[in-house]
Amino acid sequence: MNNSVSSTVRLIGAGLRALLVLTVICGVIYPLAVTGIAQALFNDKANGSEIKDKSGQVVGSSLIGQTYNLPKQNPDDAEEAPKPDLKWFQPRPSNGLGSNSVNTQYSLILSGATNRSGDNGAVDGVCTKAAEEGTLCAQVVAAKEAVITDNSTASYQVKPEDVPADAVTSSASGLDPNISPEYAKLQIHRVAEQNKLDVQQVEKLVADHTSGRILGFMGEPRVNVLELNIALKALSKS
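Rules used throughout
- Residues numbered from 1 in each chain as written.
- Predicted model: local features only at pLDDT ≥ 70, side-chain atom pairs only at ≥ 80, totals over all residues.
- Heavy atoms only, no water.
- Disulfide = S-S within 2.5 Å.
- Helix = DSSP H or I, 4+ residues; strand = E, 2+ residues; numbered from the N terminus.
- Buried < 20%, exposed > 50% of the residue type's maximum accessible area, 1.4 Å probe, protein only.
- Core = buried A, V, L, I, M, F, W, Y, C linked by side-chain atoms within 4.5 Å.

K.L.:
Explain the state of the cysteines residue by residue, including any values.
P.N.:
Enumeration according to the criterion identifies 1 disulfide in this entry. Note on cysteine connectivity: Cys127 is disulfide-linked to Cys137, with sulfurs 2.0 Å apart. For the disulfide bridge between Cys127 and Cys137, the dihedral angle about the S-S bond is near -50°, and by the sign convention the bridge is left-handed. In this pair, Cys127 sits in the loop between β4 (98-99) and α3 (136-151) while Cys137 sits in helix α3, placing the two residues 10 residues apart along the sequence. Since its relative accessible area comes to 35%, Cys127 is described here as partly exposed.

Right, here's the structure in full:
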């Protein structure tokens, strides 16, 4: 009996010592080591890939998209649809993006995709104006019309065939911070007109903020909208 109790006590003691040691190693030493290495070698990424303006103020993350909308006429009206602030480059459409009309703060609302099929609402396999309201096709058709209307100017007319897919569809997460170079170029004339800038200045801005494929072969060329709009803000004030 005494041997049994003694063995049990030893086992409990060994278990408690193992718990203490593993708690210190896994719960204190390892997290501190990983955090230290991340801060030393990957400081920017470890802190959320923050983007700062010229004053040093954090205005967002390069990993999370933002919208650039005009203030609502009635902030308390949940049904009022936000209208894009056309002086800024616009991101991909998404209800999951945070609001940032002044480019100084950001807030995450939600993340997610529509989970609808590509032909949701299609008529005879084609997305047309006859698509049922609320379907993906209806959203795409409406978004395309808006892109054409918003980005056409007195000297530049957007053609329907020039509208890229990312201009009318959201990403899987709804938080894509990037747009295609084609969509950025489509917005150049409107942005230049709204900000009273030369088209060539804005074209150079887009070219300077276009990133190529990762390692030359992974992904697609892209433009980070937040970084582009920060540069646009600086150019407009210069």
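K.L.:
Go over the nonpolar core, please, and point to the residues and values.
P.N.:
Residues Phe89, Val163, Val202 and Leu232 are the most contacted members of the largest nonpolar core, which totals 33 residues. For this core, the secondary-structure elements that each account for two or more residues are α3, α4 (181-186), α5 (188-194), α6 (199-208) and α7 (225-237). Sorting elements by how many residues they give to this core places α7 first, with 7 residues.

K.L.:
Please set out unusual backbone geometry residue by residue, giving values where relevant.
P.N.:
Its identity is not glycine, yet Lys196 carries a phi of approximately 55°, on the positive side. A positive phi angle, close to 60°, is found at Leu215, a residue other than glycine. Following the sequence through the fold, Leu215 ends up in the loop between β6 (210-211) and β7 (222-224). Look at Leu215 and you get exposed, because its relative accessible area is 70%.

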